[in-house]
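Here's the letter readout for the chains.
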Amino acid sequence: MKKTLLLSLGLAVSAMAIAQVSTERHLPIVGVVYSLNLSSSTISDAPAGANQSWNYTITTNKLVDYEVVNMNNVPADVKSAVPTAVVAYKQTGTPNAALAEYDFFSDAPSHLVKVGTKNVGASTQVKNDTSMEFGQQYNTTKFYGGLYRWYCGYGTLTVNGKVYKNVAMIKSYNAAAFADTLVQFHQFSPFYHLMFSYTKGTTGIKNVAYLDLTNTSVGIEDQSPVAQGFSVYPNPAKDVVTVALPSAVTGTIEIFNLTGQLVRSAMITPNQPTSVPVSDLAPGIYMLKAGDQSRKLIIG
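Note that this is a predicted model, so its numbers are computed, not measured.

**Some remarks on the sheet that holds strand 15 (residues 231-233)**
Ordered in space as 15-16-19, the three strands form an open sheet in which the pairing is antiparallel. Of all the strands in the sheet, the pair left with one neighbour each is strand 15 and strand 19 (274-277). Each strand of the sheet is rotated relative to its neighbour by a mean of 25°, with strand direction disregarded. Pairing between strand 16 (residues 240-244) and strand 19: four bridges, direction antiparallel.

**Focus on the nonpolar core**
Within the largest apolar cluster, 19 residues are counted, with the highest numbers of intra-cluster contacts made by V241, L288 and L297. At the level of elements, strand 16, strand 17 (252-256), strand 20 (284-290) and strand 21 (293-299) are the ones that each hand at least two residues to this core. Of all the elements, strand 20 adds the most residues to this core, at three residues. Apart from the residues within four sequence positions on either side, L288 is in contact with F230, V232, V241, V243, I253, E254, I255, Q293, S294, R295 and L297. Ranked by size, the runner-up nonpolar core spans 18 residues in total, among them V167, V183, F185 and Y210.

**Digging into the sheet that holds strand 21**
Here we have four strands laid out as an open sheet, ordered 18-17-20-21, and antiparallel in their pairing. Of all strands in the sheet, those bounded by a partner on one side alone are strand 18 (262-267) and strand 21. Adjacent strand axes in the sheet meet at a mean angle of 25°, parallel and antiparallel pairs treated alike. In the sheet, strand 17 pairs with strand 18 via five bridges, with the strands oriented antiparallel. Across the sheet, residue I253 finds its bridge partner in strand 18, namely A266.

**Quick look at the side chain of T117**
Turning to its location among the elements, T117 is positioned in strand 7 (residues 111-119). Engagement of the side chain of T117 in a polar contact is seen with the side chain of D103, the distance being 2.7 Å. Sequence-distant contacts of T117, defined by excluding residues within four places in its chain, comprise A100, Y102, D103, F104, S123, T124, Q125 and K127.

**Details of the packing of aromatic side chains**
Per the stated rule, a full pass over the model turns up twelve aromatic pairs. Seen from their ring centres, Y102 and F104 are 5.4 Å apart, and the 10° between their planes marks the pair as stacked. Summarising the aromatic geometry, the rings of Y138 and Y154 are spaced 5.1 Å apart at their centres and angled 85° between planes, so their arrangement reads as edge-to-face. Placement of the pair is Y138 in the loop between strand 8 (124-133) and strand 9 (141-144) and Y154 in strand 10 (residues 147-159), with a sequence separation of 16 residues. Here a set of aromatic residues connected by ring pairs shows up, and it is made of W54, Y56, F185, F196, Y198 and Y210.

**Overview of the confidence of the model for the protein chain**
When pLDDT drops low, the exact placement of atoms in the prediction is not to be read closely. On average, residues of the protein chain carry a pLDDT of 78, and 80% of them reach 70 or more. Mean pLDDT across the secondary structure elements of the protein chain bottoms out at strand 1 (residues 15-16), with 34, and peaks at strand 3 (residues 49-56), with 94. Low pLDDT (under 50) marks residues 1-24, which in the prediction has 86 contacts with non-local residues, meaning those over four places away or in another chain. In the predicted structure, residues 216-228 sits below a pLDDT of 50 and forms 35 contacts with residues beyond four places in sequence or in another chain.

**Side note on the pairing of strand 10**
Bridge count for strand 3 against strand 10 is six bridges, and the pairing is parallel. In the strand pairing of strand 10, Y56 is matched with V159. Between strand 9 and the antiparallel strand that follows it, strand 10, lie two residues; G145 among them carries a positive phi value of about 60°. Connecting strand 10 to the antiparallel partner strand 11 (residues 162-173) that follows it, the hairpin turn spans two residues, and N160 within it adopts a positive phi of roughly 50°.

**Points about the environment of M267**
Checked against the element boundaries, M267 lands in strand 18. Looking at M267, the relative accessible area reads 60%, which means it is exposed. Once the C-alpha coordinates of M267 and G251 are considered, the two residues, 16 residues apart in sequence, prove to be 6.0 Å apart. Here M267 is in contact with G251, T252 and T274, once residues within four sequence places are set aside.

**Digging into the pairing of strand 2 (residues 33-39)**
Sheet faces and side chains relate simply in a regular strand, where the side chains alternate between the two faces. Of all the seven residues making up strand 2, seven are buried; the element is thus mostly covered by neighbouring parts of the structure. A two-sided burial pattern is seen for strand 2, the buried positions comprising V33, S35, N37 and S39 on one face and Y34, L36 and L38 on the other. Examined bridge by bridge, strand 2 and strand 4 (residues 61-70) share six bridges and lie antiparallel to one another. In the sheet register, S35 faces strand 4, and the bridge partner there is D65. In terms of strand pairing, strand 2 meets strand 14 (residues 204-213) through six bridges, oriented antiparallel. Its bridge partner being in strand 14, S39 is matched across the sheet by V208.

Quick notes on the rules
- Residues numbered from 1 in each chain as written.
- Predicted model: local features only at pLDDT ≥ 70, side-chain atom pairs only at ≥ 80, totals over all residues.
- Heavy atoms only, no water.
- Pairing = 2+ DSSP bridges.
- Helix = DSSP H or I, 4+ residues; strand = E, 2+ residues; numbered from the N terminus.
- Axes fitted to C-alpha atoms, helices over the stretch in contact; angles between N-to-C directions.
- Core = buried A, V, L, I, M, F, W, Y, C linked by side-chain atoms within 4.5 Å.
- Buried < 20%, exposed > 50% of the residue type's maximum accessible area, 1.4 Å probe, protein only.
- Contact = heavy atoms within 4.5 Å.
- Polar contact = N/O pair within 3.5 Å; in protein donor to acceptor, adjacent residues only side chain to side chain.
- Phe/Tyr/Trp six-rings, centres within 6.5 Å; stacked < 30°, edge-to-face > 60°.
- pLDDT = per-residue confidence, 0-100.

Below is the structure:
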C-alpha cells in the first residue's frame, strides 16, 4: 500500500458506515481544521468486532493543517475546473508540496465523490472517485475505488486521551492475498471524519497517521445525545436549511448573525427534520442554535 495513500486527505478519506447514519451530515462543517500527523510509534493491531474500545498513545509529527472551506472562497480559476464540488479541504499555514493543496468533494445521498485535487503549484486534476459510501451494514464488504472495503468493527476510539464515539473501523485491500491492509477509523456522527489509520503488512504495522480535529467548537468530543444527533444541511445553504435533531429536543431553532442579532426562528418539528427558509438572508456566516447546541451556518 503506497505511503501516499495516508498522506493525502482526499485519498485517505474512505469510509463506510452503518445504515442509521445515512441521515447524518455527510460533510464536515466549514471552518473545521484537521491536523495531519504521522507517527513512528509502535502500536498493536486493533481488534475487530462490535462495541470495541480502541486506545492508542502515540507520538505525533504534524505535517500540515487542513481546513474545510466554502467553495466560494476557492480561487475562481481553480473552482471552475470542479463545478460540482460543494466543499474543499485546503492546506493552511506553510504549504507542504508533497501533499494536496486542495481536495474537492461533491455530496450525494448515498456516497461522497472526490471530484478533483490540486497539488501545490500544479493545475487542478479532475476526478470522479467514490471516496465514501454511506449506509453499508456492519460486517459486509463492498468494492469501490479499486479496493475491497470491509466494515468490520465499531465502538469508541481514544488517541492521546482524546475520545471519539460512534467510530467505524474499515479494512481496505485490493485482493484477498494482498500483503498490506489499510485500517481506518472514521467517526460518523455528528459528521464523517477520518481520525486514525495505519497499514498492516507482513512486516508489521506501518504508516500510522492521525487526523486530529484541532478546533473542538463544533462538538466532536461532546458525547451528549443531543450533540451526537444534531446535524445541519446543506451547509453552505442558499434557499432552505434542514436541521435534524434527536426526538427529545423541542422548542425553537434560532439563527443569529455575527453581531448576535436574531434573524430567523422556527419551531422544531417533532420527530422529524425541520426545514428553515434562508433565501432572504444576506450571504455570510451565522450561528444556528437548537436546544443547548449550536452550529456554524454558512449562507451564500
